[in-house]
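Structural overview for review
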Amino acid sequence: MSSGLDGPEPEDRPAPEGRRNSQGIRIDPEVEAEPEARRAVLSALVKHEPGVLANISGLFRRRQFNIESLTVGPTTDPDRARMTLEIEEPEPGIEQAKKQLQKLVPVVAVTELEPTAIQRELALIKVDGSKPDQVGAVAEMYEGKTVDVSQESVTVEITGSEQKIDAAIETFGRFGIHEIVRTGTAALERGTRKTT
Amino acid sequence: MSERTTQPPETEAEDTEDGTEPTPTTVSSGATSVVRALENTGIEVMFGVQGGAIMPVYDALWDSNISHIMMAHEQGAAHAADAYNVVSGEPGVCLATSGPGATNLVTGIADANMDSDAVVALTGQVPQSMVGSDAFQETDTTGITAPITKNNYFASDADTAGDTVGEAVALAGSGRPGPTLVDLPKDVTGAETDREPGMAQTPEAYTPQNEADPASVEEAAHTIQSADKPLLLFGGGIVKANAAETAREFATSYGIPVVTTMPGIGTMPEDHDLCLSWAGMHGTGYANMAISHADLLIGVGTRFDDRLTGGIETFAPEAEVIHIDIDPAEINKNIHADYPLIGDAGRVLEQLDGSMTTAPDADEWREQCLTWQEEYPMDYAAPEDEPLKPQFVVEALDEATSDGAIVTSGVGQHQMWASQYWTFREPRKWVSSHGLGTMGYGLPAAIGAKMAADDGEEVVCIDGDGSFLMTVQELSVAVREDLDITVAILNNEYIGMVRQWQDAFFEGRHMAAGYSWIPEFDKLAEAFGARGWRVDDYDEVADAVEEALAYDGPSVVDFHIDPAENVYPMVPSGGANDKFALSEDQL
Ligand SMILES: Cc1ncc(C[n+]2csc(CCOP(=O)(O)OP(=O)(O)O)c2C)c(N)n1
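Residues numbered from 1 in each chain as written. Chains lettered and ligands numbered in written order. Predicted model: local features only at pLDDT ≥ 70, side-chain atom pairs only at ≥ 80, totals over all residues. Heavy atoms only, no water.

1. Observations regarding a nonpolar patch on the surface
Residues A:Leu124, A:Val147 and A:Val181 make up a contiguous nonpolar surface patch of roughly 220 Å² in combined accessible area. Residue placement: A:Leu124 occurs in strand β7 (residues 118–128). (Patch = residues over 30% accessible without salt bridge, like charges linked within 9 Å, V, L, I, M, F, W, Y side chains within 5 Å. Areas by Shrake-Rupley, 256 points an atom, 1.4 Å probe, with all protein chains shown as cover. Salt bridge = Lys/Arg side-chain N within 4 Å of Asp/Glu carboxyl O. Helix = DSSP H or I, 4+ residues; strand = E, 2+ residues; numbered from the N terminus.)

2. Details of the pattern of salt bridges
The tally for this structure, following the rule as stated, stands at 35 salt bridges over all chains. Taking the shortest distance from any N to any O, the salt bridge between A:Arg39 and A:Glu86 comes out at 2.6 Å. Here A:Arg39, found in strand β3 (residues 37–47), pairs with A:Glu86, found in strand β5 (residues 80–90); they are 47 residues apart in sequence, far enough to count as distant. A:Glu86 sits in the buried class, given a relative accessible area of 3%. Between B:Glu330 and B:Arg176 there is a salt bridge, with the nearest N and O atoms lying 2.8 Å from each other. Placement of B:Glu330 in the loop between β11 (320–325) and β12 (339–342) and of B:Arg176 in the loop between α6 (158–173) and β6 (180–185) is noted, with a sequence separation of 154 residues between them. (Buried < 20%, exposed > 50% of the residue type's maximum accessible area, 1.4 Å probe, protein only.)

3. Let's talk about the interface of chain A and chain B
In this complex, chain A contributes 33 residues to the contact, which on the side of chain B involves 49 residues. When chain A packs against chain B, the two sides together hide about 3,500 Å² of surface, and 53% of this comes from carbon and sulfur. The tally of links from chain A across to chain B stands at one salt bridge. Between A:Lys103 and B:Asp327 there is a salt bridge, with the nearest N and O atoms lying 2.5 Å from each other. Counting across the chain A and chain B interface gives 18 residue pairs in polar contact (both at pLDDT 80 or more). Looking at the side of chain A that touches chain B, the element that brings in the most residues is helix α2 (residues 91–103) of chain A, giving five residues. Its residues assigned to classes, the side of chain A that touches chain B shows ten nonpolar, eleven polar and twelve charged. (Contact = heavy atoms within 4.5 Å. Buried area = accessible area lost by both parts, 1.4 Å probe. Polar contact = N/O pair within 3.5 Å; in protein donor to acceptor, adjacent residues only side chain to side chain. Nonpolar A, V, L, I, M, F, W, Y, C, P; charged D, E, K, R; others polar.)

4. Observations regarding the nonpolar core
All names here are of chain B. If you look at the biggest cluster of nonpolar residues, it comprises 67 residues, and the most contacted ones within it are Leu-231, Trp-422, Ile-462 and Phe-559. For this core, the leading source of residues is helix α22 (residues 538–550), giving six residues. Of the domains in this structure, domain 2 (214–375) and domain 3 (390–568) are the two that each give at least three residues to this core. In this view, Trp-422 contacts Glu-270, Val-394, Leu-397, Asp-398, Thr-401, Ala-405, Val-407, Trp-417, Val-460 and Ile-462; residues no more than four positions away in its chain are not counted. Ile-69, Ala-78, Ala-452 and Val-459 belong to the second-largest nonpolar core, a separate cluster that totals 49 residues. (Core = buried A, V, L, I, M, F, W, Y, C linked by side-chain atoms within 4.5 Å. Domains from an automatic or database assignment.)

5. Points about the sheet that holds strand β13 (residues 406–409) of chain B
Residue and element names in this part refer to chain B. Read across the sheet, six strands follow the order β14-β13-β15-β16-β18-β17 without closing on themselves; strand pairing throughout is parallel. Only two strands of the sheet have a single neighbouring strand rather than two, namely β14 (430–431) and β17 (531–535). Note that strand β16 (residues 485–491) and strand β18 (residues 555–560) share six bridges and pair parallel. Paired with Leu-490 across the two strands is Phe-559, which belongs to β18. Each of β15 (459–464), β16 and β18 is contacted by helix α15 (residues 390–400), which is oriented at about 165 degrees to β16, the strand it contacts most. (Pairing = 2+ DSSP bridges. Axes fitted to C-alpha atoms, helices over the stretch in contact; angles between N-to-C directions.)

6. With respect to the sheet that holds strand β7 (residues 230–234) of chain B
All names here are of chain B. With respect to topology, six strands assemble into an open sheet ordered β9-β8-β7-β10-β11-β12, the strand pairing being parallel. Since the sheet does not close on itself, it has two edges, and those belong to β9 (275–278) and β12, each with one partner. This sheet shows a mean twist of 15 degrees between the axes of neighbouring strands, independent of strand direction. Where strand β10 (residues 296–300) meets β11, five bridges bridge the pair, whose relative direction is parallel. Considered in β11, the bridge of Gly-299 is made with His-323. The sheet strands contacting helix α10 (residues 244–254) are β7 and β8 (258–260), and the helix crosses β7 at an angle near 170 degrees. Its contacts with the sheet put helix α11 (residues 285–293) on β7, β8 and β9, and the angle it makes with β9 is roughly 105 degrees.

So, in structure tokens, the structure goes:
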């Protein structure tokens, strides 16, 4: 290939000094620190119409936002539904996720909730039925309820923070867990603070 | 732009030949309400292909003043609508049937989405009673296009179908533009209604911000004034915002050098003293040097795409960044903005101008930029005894055409040569597939561009052999519609850009890059009913160019160029802008 242009070679050009990290933030090349991921709870008020859920989950998938859970349900306004999304991302990712969500036309409003917001999840835990009394006692300890009993199993319903449910599942583990289902976090701001 | 209603553009009140206003369509069905809604928004032309599920809408067009260009392939319809938007600034509308018609649009819609072009796609759908049954020609069109549209709609009611279409048109063109789609089930378009659609409105919750926060503007202005090496980066957002005039004034008032992105080409005249042409992978050496050494980068209407930035770590490493964009999600997406200014490009530049009290002291920096222009010239050798150089052909075409000629392109080496060696002085003249890089864009785009062009405005498509073959069937449309367009194929008998990468990165193994046989494009053109020329040597170029441009109809010139010619400069993917290679041994 004979083709090419004239000019100083790459090594012979004056080199700039700075550097950016992978988020495009200018950094001191000596300290090259990457921001750490954190957990954020987003609440989105959306139009209650077909396709919205698919659209939002599609957005998170195609933009590779790390989504921990997503819940959705109706509100007092029949035209609006509320979603709660838990994500785990470094700061620029959280900002992006909020803005990209906001950009979807059927999304009416998006907020990141305060860490103090009320956050609840529901779990149904089907535990081995050989020690029903002990299972009941543990359920009580976690303010749960026994909702179904059979020869083989006892099913317990527990509501609470994600951490509480993690702890309960670990405790029930000693009896042997057959199946579980968790709803993911639903959240609202406390007191007079509005969620969206 | 904060106005939610879309008024028909001024020229829209165009009278019919006998001086009377065109009669609007009478609404009697979902389909007629759709057409009426399009008329209300001032749509003059649509591009499409017929088919079962969209037939009611086509039938409603029979009595409408909207003209329709029957394309050969729906991809062509979408690209034509896209180019129509780029050239005119008005939304481009394409029409297709359900199933394969809709899926054929997908490439064009994705292309419009990447380049933020206002394209409205209307697709037929099977009747609602059959949706979900895998009916004949049923596809989940809204599902398929959700990730590549600004918003899409499933029209489920004849009474509101027109309003939905109106909203789709209004939304496509407002804020950051982008494609929208309305899926129209046949039972909806076929149903009776006499409800006339209202004025087109954007969705209620859609409120793009026009003006940046004044305090941030103050700070940014202050930063510009004290910069030693300020650089303006003009993106396609300036074209969308019709802000080229404002942007030029800003640059010249304060003596700030300008580089553009590829979609931003023409926002600053490329022969202006302050213009360093475009930056990025195949941008000029001087533009890339300027980006790497600037201490302040003012990005206007740009999304800092990776073809521009190369590796993020080494992009404008010494620069603070002022980022002006109407889309808040672009701020800090790829590059951290030290001064984010959210708003309309033109409006924010006016705000900035209002806050500036003095120009930055940038004499030395301007000098430096000029030095780089001399050090890294975009020269090429064209020895008469060697095969024809593509750069020469591009320059010959540029010289032979008038100043405001419109240039479309395919994707590949020819696209880069066209954008490097054509001197653009105005926005909306360079019409290309930037973000998606869609081979085959050029010819249908030339058709859309010609429909949008003013009388006498020339349209030239600089195409590659491979790209041309992807949408060549649209030549039949250009002939049928008697469109005066000139297609210049830079024929290297390779899908050349791939061949260039194979030579640079795959040890010259030309896997699936060359042809063992290629059609004679001049004869192919004649078979379509167009005029064709073949050019092999330098001394044939001028005559062929002149004849092809003079021919009043579609013409195709097959320029057989040096198959070994490569595109330089080149910043390898992920590389540093200032480390562009000037030849293969520097890669
Ligand atoms: C639809 C599509 N398919 C594949 C590619 C990958 N690709 C990029 S450039 C190129 C070669 C283009 O060849 P041609 O149109 O002949 O132009 P040249 O590079 O030779 O000027 C290819 C295959 C693409 N950009 N678009």
